[in-house]
Amino acid sequence: MRVQFYPSKALQTCLSADAASMNISLSAVVVSILEEYYKISPQLPSFTQLITQICDEVERYLLSIEDMHHEFPLSEASETYRKIPMTANGKPNPLRMRIGKAFNKQTTSGRFSGIIEQVFLDSERKKPKRDANRAAIYILLSNPK
């Protein structure tokens with residue numbers, strides 16, 4: 001479903017600032033705010049809180065790695081992400097997909113830029129996770145300390 005809305009300049013400025021400060025998409029910020037307002041996922045923190053929590057866990061995980069160029073999926077590095085169900089209503093869980101996309105953005109221009117990056121088999125195809133569930137694989141490039 002696509003929804004168009006036309007925020008005021010002030011609201012647009014606030015939303016854009018939040019998205020930039022968290023290095024996630026404007027759409028993710030809006031969805032997070034609406035889900036929190038409507039209490040859609042009361043058992044989980046808001047999307048933005050989840051991203052922060054997952055990034056904190058990944059940061060701690062990276063500090064524990066001694067092998068430079070270690071490859072890992074997000075589920076290996078974050079217990080919070082690992083606990084989010086793979087499916088919702090018999091379909092792939094869109095929350096996991098949104099988190100994966102937001103986390104990948106953290107590796108290209110955010111918190112983990114230059115520290116980790118997604119592994120590709122060739123110039124276009126992502127390297128699949130070892131158990132072939134198509135999860136992205138990341139590689140440690142430099143020491144996060």
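Residues numbered from 1 in each chain as written. Predicted model: local features only at pLDDT ≥ 70, side-chain atom pairs only at ≥ 80, totals over all residues. Heavy atoms only, no water.

The subject of this paragraph is the layout of surface pockets. Looking at the largest pocket, its volume works out to about 1,500 Å³. If you trace the largest pocket, you find 47 residues lining it, with Ser 27, Val 31, Ser 32, Glu 35 and Arg 98 closest to the centre. At the level of elements, α1 (9-22), α2 (26-37), α3 (47-64), α5 (79-83) and α6 (94-109) are the ones that each hand at least two residues to the lining of the largest pocket. Among the elements that line the lining of the largest pocket, the one with the most residues is α2, at 10 residues. For the lining of the largest pocket, the residue count by class is 25 nonpolar, 14 polar and 8 charged. (1 Å grid on protein atoms, 1.4 Å probe; cavity = no way out; pocket = protein on both sides within 12 Å on 5 of 7 lines; lining within 4 Å. Points joined across faces, edges and corners; volume = space filled by probe spheres on them. Helix = DSSP H or I, 4+ residues; strand = E, 2+ residues; numbered from the N terminus. Nonpolar A, V, L, I, M, F, W, Y, C, P; charged D, E, K, R; others polar.)

This part takes up the packing of aromatic side chains. Each aromatic ring pair is characterised by the separation of its centres together with the angle its planes make. All told, the structure shown has 5 aromatic pairs when counted by the stated rule. Both rings, one in Tyr 37 and one in Tyr 38, keep their centres 4.9 Å apart while their planes meet at 90°; by these two values the pair is edge-to-face. This pair shows no difference in class: Tyr 37 is exposed, exactly as Tyr 38 is. Where Phe 103 meets Tyr 138, the ring centres are 5.1 Å apart and the plane angle is 85°; that geometry is what we call edge-to-face. Taken as a pair, Phe 103 in helix α6 and Tyr 138 in strand β5 (residues 137-140) lie far apart in primary sequence, 35 residues in all. Pair check on accessibility: Phe 103 and Tyr 138 agree, each one buried. By the ring-pair criterion, three or more aromatic residues cluster together here, those being Tyr 61, Phe 72, Phe 103, Phe 112 and Tyr 138. Over the ring of Tyr 81 we find Arg 96; its NZ or CZ atom is 4.1 Å from the centre of that ring. Sitting over the face of the ring of Phe 47, Arg 98 holds its NZ or CZ atom 4.3 Å from the ring centroid. (Phe/Tyr/Trp six-rings, centres within 6.5 Å; stacked < 30°, edge-to-face > 60°. Buried < 20%, exposed > 50% of the residue type's maximum accessible area, 1.4 Å probe, protein only. Lys NZ or Arg CZ within 6 Å of the ring centre and 35° of its normal.)

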